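Structural features, examined
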Amino acid sequence: EEVTSVSQVVSSLGDDFDNPIIFTHDYFPMKQYYSKEMGEGLKRCFLFYPGPCERDCLVDLKVHCDNIEKQNMREGRRIFNVDPGLVCLDQVILASGKPYSHRIYLRRGVYAELTFQFSAKSFHTLPWTYPDYQHQDIVAKFNWFRAFLL
């Protein structure tokens, strides 16, 4: 079955990833970049899972998401992109498969990127934070989600 909707992407992730809190936002500056591979009509969604997750699970999450992307490829191209991350009380960390000077290698081809730091009652961006994550509404949503951890 072809994956064409957010609910189908969620279902393809497996039973451990049922019932996320889904947040969408129209601000998607990387849309043109991803459209080259995945086609037009892309949507940007954040899937939040309020259950506990240890920080050392990030590698396994990234490998799992990469495998799901590969299993759903069409004509050698991804039809969706799932980048896992962890929302912690003190920071937000994203997983990446691409090395860069500010990313720390973990294992199995996975790098950790510190995306937000928490101080003065809010998450704050860093010089390398992706443009879409710098949007005020998106930072606010991550602050809202952080409250689930308290």
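Remember, it's a predicted structure, so these values are computed and weren't measured experimentally.

Here helix α3 (residues 58-71) spans 20 Å end to end across 14 residues, near enough to the 20 Å set by a 1.5 Å rise per residue. Those residues of α3 lying buried are Leu 58, Val 59, Leu 61, Lys 62, Val 63, Cys 65, Ile 68 and Glu 69. Where α3 is buried, its residues contact α1 (6-13), β3 (85-87), β4 (91-96), β5 (104-107) and β6 (110-119).

In this section: a nonpolar patch on the surface. Side chains of Leu 89, Leu 149 and Leu 150 sit close together on the surface and give an oily, nonpolar patch of about 280 Å² of accessible area. We classify Leu 89 as partly exposed; its relative accessible area is 37%.

A ring pair, where both rings are aromatic, is described by two values, the distance of the centres and the angle of the planes. On inspection of all chains with the given rule, the structure shows 17 aromatic pairs. Relative to Phe 142, the ring of Phe 46 has its centre 5.7 Å away and its plane inclined at 85°; by these criteria the two rings are edge-to-face. Within this pair, whereas Phe 46 is found in strand β2 (residues 45-48), its partner Phe 142 is found in helix α5 (residues 136-146), the two being separated by 96 residues in sequence. Grouping residues by exposure puts Phe 46 and Phe 142 together as buried. Centroid distance Phe 48 to Phe 142: 5.1 Å. Interplanar angle 75°. Geometry classified as edge-to-face. Taken together, the positions of Phe 48 in strand β2 and Phe 142 in helix α5 put the pair 94 residues apart, joining distant regions of the chain. Summarising the burial analysis for this pair, Phe 48 and Phe 142 share the class buried. An aromatic cluster is built from Phe 23, Phe 46, Phe 48, Phe 116, Phe 118, Phe 123, Tyr 130, Tyr 133, Phe 142, Trp 144, Phe 145 and Phe 148, whose rings are joined through pairwise contacts. Across from the ring centre of Trp 144, 4.6 Å away, lies the NZ or CZ of Lys 141, which sits over that ring. Positioned above the aromatic ring of Phe 118 is the side chain of Arg 146, whose terminal nitrogen or guanidinium carbon lies 3.5 Å from the ring centre.

Scoring rules and cut-offs
- Residues numbered from 1 in each chain as written.
- Predicted model: local features only at pLDDT ≥ 70, side-chain atom pairs only at ≥ 80, totals over all residues.
- Heavy atoms only, no water.
- Helix = DSSP H or I, 4+ residues; strand = E, 2+ residues; numbered from the N terminus.
- Expected span 1.5 Å × (residues − 1).
- Buried < 20%, exposed > 50% of the residue type's maximum accessible area, 1.4 Å probe, protein only.
- Contact = heavy atoms within 4.5 Å.
- Patch = residues over 30% accessible without salt bridge, like charges linked within 9 Å, V, L, I, M, F, W, Y side chains within 5 Å.
- Areas by Shrake-Rupley, 256 points an atom, 1.4 Å probe, with all protein chains shown as cover.
- Salt bridge = Lys/Arg side-chain N within 4 Å of Asp/Glu carboxyl O.
- Phe/Tyr/Trp six-rings, centres within 6.5 Å; stacked < 30°, edge-to-face > 60°.
- Lys NZ or Arg CZ within 6 Å of the ring centre and 35° of its normal.

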